[in-house]
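Remarks on the overall topology
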Amino acid sequence: MMPLLRFLGSVCILAGVFFSFAAVVAILRFPDVYTRLHGGTKALSGGALLILLGSMPYAGSSLGALKLLLIAVFFLISNPMASHAIARACHRRTLFKNFSHFSSETPIEGESMRE
Amino acid sequence: MSEPLLAFLYFFILLTAFVAVFLDDLLSSFISLSVTGVLMATVFALLRAPDVALTQAIINSGLITSLLLVAYSHTRRTPLPSGPCTACPSWLRWPLAALICFLLAVLLFRGMYSLAGERALETASTHFLAETLRETGALNVVAAILLDYRAFDTLGETTVIFAAVAGISLLLSGGKHVRSRQGLSFIVKRGMALLTPFLLLYAASILFLGHLTPGGGFQGGSVFATVAILICVVYGTGFDASRVSSKSKETLEVGGALLFVFIGLLGAAWGGGFLANLKGPFFPGTPGSLFSGGNMLFLNLAVGLKVGAGLSSIFYVMIKILEQEGEQ
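Residues numbered from 1 in each chain as written. Chains lettered and ligands numbered in written order. Predicted model: local features only at pLDDT ≥ 70, side-chain atom pairs only at ≥ 80, totals over all residues. Heavy atoms only, no water.

**Looking at the packing of aromatic side chains**
Residue and element names in this part refer to chain B. On inspection of all chains with the given rule, the structure shows five aromatic pairs over all chains. Where F30 meets Y72, the ring centres are 5.9 Å apart and the plane angle is 85 degrees; that geometry is what we call edge-to-face. One end of the pair, F30, is in helix α2 (residues 26–46); the other, Y72, is in helix α3 (residues 50–74), and 42 residues separate them in sequence. Ring geometry for F152 versus F274: centroids 6.0 Å apart, planes at 80 degrees, classification edge-to-face. Pair noted here: F152 is in helix α7 (residues 151–171) and F274 is in the loop between α11 (246–269) and α12 (296–326), with a separation of 122 residues, a long-range link. Judged by its relative accessible area of 35%, F274 is partly exposed. (Phe/Tyr/Trp six-rings, centres within 6.5 Å; stacked < 30°, edge-to-face > 60°. Helix = DSSP H or I, 4+ residues; strand = E, 2+ residues; numbered from the N terminus. Buried < 20%, exposed > 50% of the residue type's maximum accessible area, 1.4 Å probe, protein only.)

And the structure:
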C-alpha cells in the first residue's frame, strides 16, 4: 500500500512542479494584470495543492499528513481571496489603462468606489 | 544536514538581497526582501533553530513588509539623477558587488561547516543542554535561556519595543482621527472572518506553549499583531478601533510590562533575586505540561501582550495618517 501511495505522491509532486512552473511563465509572459492574476492564481493554487497532497505520504506520521492537509485547506481559502482583493484593487484604481492591451478601450464602469 | 539544499538557499538569499538593493522600483525591492526573509527562515529551520525561524518568518515577511508598504505610501519619491555616479565609477560597481557577494558566500559556507562539527558545542551551550530541564523545568531550551537565565535582557528588549512604540506614536500623533469603515470586498471580509479564529488559536498556541515547543511571547505576540493588521486592512480601521480602541491597546501594553516587572519583584521578594524562577516562589511542575517551567508561562504572556499591542499600535498609528491623506 505504502509504495503505491508514495508513487502517487511523486506523480502529484511532479504535476505540481509543472503547474508552478506554468504559473511563473504566466506571470512573466501574459500581457496585463488580469491575465497574469488568472495564470498566477489558478496554476499556483493547483501547483501548491498538488505538492502538498503529494508530500502527504512522505510526512512520516498520520498527524504530519493531517497537518499538510490543513495547510492545503488554508491555501485553498486564502490564495483565491488574496487574488480577488488584488484584482478588485486594480479594477478600482483603473490600473489597466496603463497597459497597451486595454489602451483603446474606456475603463469599465460597473463598480462604485464605495459599497 | 542537507548541504546541497543549504548551498542553494544561501545562493538565493544573497541573490534576492542583492536584487533588493539594486532594483530601482521600491515595491519590487520589498517583494525581494520578503523572499529573502522566507529563505532565511527556511535556512534557520534546516539548521534546527525553529524559534529563530518562526521569528524570522513572522517579522520579516509579515510585519516588516506591511510597515514598509505603509511607509512607501506615506513618502514621495524623486526620480534618480541620471548623470554618472561620482561616488563609485560604473565599471567598478558590478565587479565590487560581485566580489562582496562572493566573500559573504564563502563566510556563510565556513559558518555552515563549523556548525556541522562538535567543536561549536564546547562552551556554555553544553551546560544549557544538559541542565536546563533540571534547573528550570522547561523543555524548550531557547525559552529557558530567554526567560530564565537571561530574563533581565528580555526585559531590556521589551523596553526597546516600548520606546519604539512611544517614539513613533509621538512623531505621528498630529491631526485628527479619521476612521475608515470601507474595507475590502464582501468576499474578503467573509474569508477573513472564516480564518480569524484559526489565526488567533495559532497565535495563542505559540504564546502559551512557548516553554514546551518552539515559539514564545515574542513570536506569539507578533502573530497577534499580524492578525490585528489583517483585520485593520480588510475591515477598515474603524472596525478595528471600535472593537479594540487604541487606549485599550495602550493598557494591554503597559499591563504586559507591569506583569513582567511584578513577576521579577516577586522573585526578589522571595529572596531569590530579581526575576528568579525556581529559587523564587515558582514550581517546576511536570515536564511537558502547561504549568511547568515556573514563571515562564507568565513571562511569555507578559512579553506577548507587550509585543502584540505594541506592534499593532505602531501599524495603526502609521495607517491612520495614510487614511487622512487618502480620503480628503
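So that's the structure; there's more coming.
**So, unusual backbone geometry**
Residues and elements named next belong to chain B. The phi dihedral of R48 is positive, around 60 degrees, even though this residue is not glycine. Relative to the elements of secondary structure, R48 occurs in the loop between α2 and α3. You can call R48 exposed: its relative accessible area is 74%. The phi dihedral of L275 falls on the positive side, at around 65 degrees, and the residue is not glycine. Within the element layout of this structure, L275 appears in the loop between α11 and α12. Using a relative accessible area of 5% as the deciding quantity, one classes L275 as buried.

**Concerning α7 of chain B**
All names here are of chain B. In this model α7 runs 30 Å from its N-terminal to its C-terminal C-alpha over 21 residues, within 8% of the 30 Å that 1.5 Å per residue would give. When we look at burial in α7, the residues that qualify are A151, T154, L155, T158, I161 and V165. The arc that holds the buried residues of α7, viewed along the axis, is 120 degrees, so those residues lie on one side. Exposed and oriented more than 90 degrees from the buried face of α7 are F152, V160, L170 and L171. (Expected span 1.5 Å × (residues − 1). Arc of directions from axis to C-beta.)

**Points about the confidence of the model for chain A**
Detailed reading of predicted coordinates is not advised where the pLDDT is low. Residue and element names in this part refer to chain A. Averaged over all residues, the pLDDT of chain A equals 80, while 81% of them reach at least 70. Of all the helices and strands in chain A, helix α3 (residues 62–92) carries the lowest mean pLDDT, 88, while helix α1 (residues 2–29) carries the highest, 91. Predicted confidence is poor over residues 100–115, with pLDDT under 50, and the contacts of this stretch with residues over four places away or in other chains come to 20 contacts. (pLDDT = per-residue confidence, 0-100. Contact = heavy atoms within 4.5 Å.)

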